[in-house]
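The residues making up each chain are set out below.
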Amino acid sequence: RKEVEQDPGPFNVPEGATVAFNCTYSNSASQSFFWYRQDCRKEPKLLMSVYSSGNEDGRFTAQLNRASQYISLLIRDSKLSDSATYLCVVNEPSGTYKYIFGTGTRLKVLA
Amino acid sequence: DGGITQSPKYLFRKEGQNVTLSCEQNLNHDAMYWYRQDPGQGLRLIYYSQIVNDFQKGDIAEGYSVSREKKESFPLTVTSAQKNPTAFYLCASSRGQQFFGPGTRLTVL
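What this report covers is the structure whose coordinates are included nearby. (Residues numbered from 1 in each chain as written. Chains lettered and ligands numbered in written order. Predicted model: local features only at pLDDT ≥ 70, side-chain atom pairs only at ≥ 80, totals over all residues. Heavy atoms only, no water.)

Residues and elements named next belong to chain B. In terms of strand pairing, strand β5 (residues 43–51) meets strand β6 (residues 54–57) through three bridges, oriented antiparallel. If you follow isoleucine 51 over to β6, its bridge partner there is aspartate 54. Hairpin connection, β5 to β6: the antiparallel pair is bridged by two residues, and asparagine 53 has positive phi, about 65 degrees. (Pairing = 2+ DSSP bridges. Helix = DSSP H or I, 4+ residues; strand = E, 2+ residues; numbered from the N terminus.)

Next comes the structure, spelled out in structure tokens:
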């Protein structure tokens, strides 16, 4: 089993749609979780951290489910500019500085 | 402006040559990282450094070397021992969250 798994997609959705991605992780002791966005041929950029209580930033909502070991990202009212690859990132348990990246979920928002 | 810089943006190398990729940060972060990304693939960790004068191998360190003589700098050398060096190389630093440089695209001719 991969340490961090994501559905590669692509998810093709119309503008204005709501779309959700999940990401599962294998190490139950993982402490920190993040969603990054990566545009084609660019570096990943932090979209949001994921907190135990869940958190929202505008149209984006992130959730953590420790019992089932997954995190999710919900995008409401999709825009064309949301088209990108979304990377799930898990920080290994405290004591190390390693981050484990999923391979990403590709989203394409269609006009 | 605080951030991470990588140079050059594009690099071409002949087979059998070593090449060094630059990474500099002014974020005052202790930890720095090098990743490799191949087309349609995720990021794979090459080396990371938690503090000056210390670094650890990542998952794919063979054929690469690094140094960490200054907090701000973490150069990566791609040696001729690396079998498939053509890739997108990303440098990052972290304090809680990771921040990435713009990357270097290396092509071996």
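Residues and elements named next belong to chain B. In strand β10 (residues 97–100), alternate side chains face the same way, and those of Gln98 and Phe100 are buried while those of Gln97 and Phe99 on the opposite face are not. Summarising the sheet, strand β9 (residues 87–95) and β10 pair through four bridges and their orientation is antiparallel. When the sheet's bridge partners are listed, serine 93 is paired in β10 with phenylalanine 99. Counted along the chain from β9 to the antiparallel partner β10, the turn is one residue long, and its residue glycine 96 has a positive phi close to 90 degrees. (Buried < 20%, exposed > 50% of the residue type's maximum accessible area, 1.4 Å probe, protein only.)

Looking now at the interface of chain A and chain B. Taken together, the 16 residues of chain A in the interface contact 21 residues of chain B. Overall, the association of chain A and chain B removes approximately 1,700 Å² of surface from exposure, summing both partners, and the carbon and sulfur fraction of that is 54%. At the surface where chain A touches chain B, the tally comes to one salt bridge. For lysine 98 of chain A, the salt bridge is made with aspartate 59 of chain B, and the minimal N-O distance between the two is 3.8 Å. Applying the counting rule to chain A against chain B returns five residue pairs in polar contact (both at pLDDT 80 or more). Secondary-structure elements contributing two or more residues to the side of chain A that touches chain B are β4 (32–38), β5 (45–50) and β10 (99–101) of chain A. (Contact = heavy atoms within 4.5 Å. Buried area = accessible area lost by both parts, 1.4 Å probe. Salt bridge = Lys/Arg side-chain N within 4 Å of Asp/Glu carboxyl O. Polar contact = N/O pair within 3.5 Å; in protein donor to acceptor, adjacent residues only side chain to side chain.)

Formed by 24 residues in total, the largest nonpolar core has its most connected members in Phe21, Trp35, Ile71, Leu73, Ile75, Tyr86 and Leu107 of chain A. Not counting residues within four places of it along the chain, the set of residues in contact with leucine 73 of chain A comprises Val19, Ala20, Phe21, Trp35, Leu47, Met48, Phe60, Thr61 and Tyr86 of chain A. Counting residues in each nonpolar core, the second largest holds 20 residues, with Met32, Val66, Phe74 and Leu106 of chain B among its members. (Core = buried A, V, L, I, M, F, W, Y, C linked by side-chain atoms within 4.5 Å.)

Computed from the structure, the largest pocket encloses a volume of approximately 650 Å³. Lining the largest pocket are 28 residues, and of these Arg41 of chain A together with Gln37, Asp38, Pro39 and Gly40 of chain B sit closest to its centre. Secondary-structure elements contributing two or more residues to the lining of the largest pocket are β9 (84–91) and β11 (105–110) of chain A together with β9 and β11 (104–108) of chain B. When the residues that make up the lining of the largest pocket are grouped by side-chain class, the tally is 10 nonpolar, 12 polar and six charged. By volume, the second largest pocket amounts to about 330 Å³. In terms of lining, the second largest pocket is formed by 15 residues, of which the most central are Ile100 and Phe101 of chain A together with Leu43, Arg44 and Asp59 of chain B. Those elements giving two or more residues to the lining of the second largest pocket turn out to be β10 of chain A together with β5 of chain B. Among the residues forming the lining of the second largest pocket, the class breakdown is seven nonpolar, four polar and four charged. (1 Å grid on protein atoms, 1.4 Å probe; cavity = no way out; pocket = protein on both sides within 12 Å on 5 of 7 lines; lining within 4 Å. Points joined across faces, edges and corners; volume = space filled by probe spheres on them. Nonpolar A, V, L, I, M, F, W, Y, C, P; charged D, E, K, R; others polar.)

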